Amino acid sequence: MKFKMIDKLILSTLIISKFAVASNFKPGTYIGSAPGYKDNIQVEVKVNSKKIESVKIVKHDESPLISDVALQRIPAEVVEYQSLGVDEVAGATATSKGVIAAITRALRAAGGDLNTLRKKVVTNTVKENREYNADVIVVGGGGAGLAAAVSAHQNGATVLVLEKMPRVGGNTLIAGSAYNAVDPKRQKPLGIEDSVDLHYKHTFEGGDKLGKPVLIKTFVENSYPGIEWLESLGMGFKDEIFTVLGALYPRSHKPEKPLGTGFIGTYEDYISKNKGITVLTDTKVEDLILENGRVVGVKALGRKENIVAKAKNGVVIATGGFGANVELRQHYNSKLTKDIPTTNHPGATGEVMFMAAEKAAANLVGLQYIQLLPMGDPINGSLSGNIEGSVEDRIFVNKSGKRFVAEDERRDVMTNALFEQEDAYMWTIVDAHTYPTEQGKNNFNETIEDLVKKGRAFKGETVEELATKIKVDPVVLKDTIDKFNVAVENKTDEFGRKLFANKLDKAPFYAGPRVPTVHHTMGGVEINEKTQVLDKAGNPIPGLFAAGEVTGGLHGSNRLGGNALAEITVFGKIAGEEAAKNK
Ligand code: ADP
């Protein structure tokens, strides 16, 4: 089957006339405000009688890094094109809509003719042909791609990174960001015994023994060196070790910064301080260039350029997964319809792995293995609003207030169990052990106080009060928690749970709603331990490397929570080294 990979967000070109007659404004400075992703965005718009002179964002609470392109680009384009008909920025649509709405309100107050201002008028944007040359080309500027770019540069290469979205970061930027590694320095003081053999066993068995042993071995042996490498680049990790959802064991590390901002910010910092890495955003790779069976470059489409990019040493594919491509994921798993949300950014569409297969004969493996989490926000499927801390300290209950699964299980097991519950809907229940203060934050930098205020989580001084707030029978919820607390004491549980720490007995109690959400695609291009892309016969394809979620074969049928951030670091770094020295 051939897929038409049409990325609507990317293809929506700017079609605005520079000559649109704006309006007859009442000259002055106007404030406009509208809801963004998190809170109200406030803009200050200055107009004279004929023209929008300037647009400034004066107040916002949007996520740093994720929304910055929208916050910069939209005001600038409204002024440049004298129009409200500018494109939303893909990956930051809620912020984009908020900025446009706020500017609209200010212009309405200024007496602007909104019908004219909102019009999109076609311009003849002729793209320039441009050739780029570098030692190494990296396709995709997420966690794996930027790791590859930095490591290739550290190994003496000049690097060109091509990223189709308006900013780098990919899914990595919005990841929960737990990183699994065997780390005696942090685990020992907490009394946690661990070994790379145990990490190997969990990864191999947790994927139903379908992962490729040589990749798993490379992965577990290099996970901790990956942390040391990130630290050498300036990234901070907390000393705390926890068990992230589906990790099966306490070896998950927490970056100091929220989401994936620590990873992406660290690489961006390196790139800005060192000459030799060029990053082109809004640039979608559409083809691979081969000469005599060797991959020597790519063709790409930028906002203003048609690009031919040539790589002297190698091309690294790091384009992530395809969780946001409903047609494709449904092809491999018919249950994954558009009604099931995803945690993924809109650029996770998977076209480049097919390009590698069709053009360079890359072997694709494990595409049927698509991971869901039982942890989606009911409104948008994202991981934001998640109130869980460590696996040990929370339970899941269904709409009847009853537990239904061992909450330390594999991600697939927990999600399948959730699908069996009424409306496939559950509540995560935690207490003050997870949030000793109201200012306690989740990985998304959201305080529990704020989540409760916004109605995204609920709080009760007693279990009964919490039950009433979430419309669950208080007697049932109390009984569920009492039974769980006995299980914590006895370390045996009716659902077979093994990971325990505190009882749920410290007020206040909190509940957060969650639904199944598509999260990670385990399959992709086959690689060896040097990240060389393999053909169907298992031979490396000259000049072609791959790392991260676009590859298949490491995780088997189910990826352990916390293994992805480690994977993209380990294999991204190897890909950079290998491509740099592939002269
Ligand atoms: P990983 O964790 O494997 O690094 P990410 O999702 O973090 O995956 O990053 C993959 C990046 O690749 C994303 O930023 C995505 O927008 C980018 N990408 C996907 N397809 C293309 C393409 N055709 N051209 C350029 N970049 C792409």
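As a starting point, this report considers the structure included with it.

So, how was this worked out
- Residues numbered from 1 in each chain as written.
- Predicted model: local features only at pLDDT ≥ 70, side-chain atom pairs only at ≥ 80, totals over all residues.
- Heavy atoms only, no water.
- Pairing = 2+ DSSP bridges.
- Helix = DSSP H or I, 4+ residues; strand = E, 2+ residues; numbered from the N terminus.
- Buried < 20%, exposed > 50% of the residue type's maximum accessible area, 1.4 Å probe, protein only.
- Contact = heavy atoms within 4.5 Å.
- Polar contact = N/O pair within 3.5 Å; in protein donor to acceptor, adjacent residues only side chain to side chain.
- Near = heavy atom within 4 Å.
- Areas by Shrake-Rupley, 256 points an atom, 1.4 Å probe, with all protein chains shown as cover.
- Nonpolar A, V, L, I, M, F, W, Y, C, P; charged D, E, K, R; others polar.
- Expected span 1.5 Å × (residues − 1).
- Phe/Tyr/Trp six-rings, centres within 6.5 Å; stacked < 30°, edge-to-face > 60°.

## Digging into the sheet that holds strand S19 (residues 524–526)
(1) Moving on: Strand order in the open sheet formed by three strands is S13-S19-S22, with mixed pairing between adjacent strands. Edge strands, defined here as strands with exactly one partner in the open sheet, are strand S13 (364–365) and strand S22 (551–552).
(2) Moving on: Here S19 pairs with S22 via two bridges, running parallel. Residue pairing for S22: Val525 is matched across the bridge by Thr551.

## What about the environment of Asn155?
(1) Moving on: For Asn155, the location among the structural elements is in the loop between helix H5 (143–154) and strand S5 (159–162).
(2) Moving on: By relative accessible area, Asn155 is classed as partly exposed at 42%.
(3) Moving on: It is 9.0 Å that separates the C-alpha atoms of Asn155 and Glu578, two residues lying 423 residues apart in sequence.
(4) Moving on: Asn155 has contacts with Glu577 and Ala580, leaving out every residue within four places of it along the chain.
(5) Moving on: A distance of 2.7 Å separates a polar side-chain atom of Asn155 from the backbone oxygen of Ser151.

## A closer look at the site of the ligand
(1) Moving on: Taken together, 26 residues lie around the ligand, and Ala144, Glu163, Asn171, Thr172 and Glu549 are the ones closest in.
(2) Moving on: One of the backbone nitrogen or oxygen atoms of Asn171 is found 2.8 Å away from an oxygen atom of the ligand.
(3) Moving on: Between the ligand and the protein, one listed contact pairs an oxygen atom with a side-chain N or O atom of Thr172 at 2.6 Å.
(4) Moving on: Within the complex, 98% of the 580 Å² of free accessible area of the ligand lies under protein.
(5) Moving on: Secondary-structure elements contributing two or more residues to the shell around the ligand are H5, helix H6 (170–173), strand S10 (284–291) and helix H12 (351–360).
(6) Moving on: Among the elements that take part in the shell around the ligand, H6 stands out by supplying three residues, more than any other.
(7) Moving on: When the residues that make up the shell around the ligand are grouped by side-chain class, the tally is seven nonpolar, 14 polar and five charged.

## A few points about helix H2 (residues 68–81)
(1) Moving on: Between the first and last C-alpha of H2 there are 20 Å, a value that for 14 residues agrees with the 20 Å anticipated at 1.5 Å per step.
(2) Moving on: Among all positions in H2, only Val69, Ala70, Leu71, Arg73, Ile74, Pro75, Glu77, Val78 and Tyr81 are buried.
(3) Moving on: Residues of H2 that are buried in the fold lie against strand S3 (52–59) and helix H3 (93–109).

## Brief notes about the packing of aromatic side chains
Geometrically, a pair of aromatic rings is defined through the distance of the ring centres and the angle of the planes.
(1) Moving on: The tally for this structure, following the rule as stated, stands at 10 aromatic pairs.
(2) Moving on: Relative to Phe237, the ring of Tyr179 has its centre 5.8 Å away and its plane inclined at 75°; by these criteria the two rings are edge-to-face. Residue Tyr179 is found in strand S6 (residues 179–180), and its partner Phe237 is found in strand S7 (residues 237–242); the two are separated by 58 residues along the sequence. Phe237 carries the same exposure label as Tyr179, and that label is buried.
(3) Moving on: Here the aromatic rings of Trp427 and Phe458 are separated by 5.8 Å at their centres, their planes lie at 80°, and the arrangement is edge-to-face. Pair noted here: Trp427 is in strand S16 (residues 426–430) and Phe458 is in strand S17 (residues 458–460), with a separation of 31 residues, a long-range link.

## A few points about the environment of Pro189
(1) Moving on: Along the polypeptide, Pro189 turns up in the loop between helix H7 (184–187) and helix H8 (196–206).
(2) Moving on: Put simply, Pro189 and Asp239 are 50 residues apart on the chain and 9.7 Å apart in space, counted from C-alpha to C-alpha.

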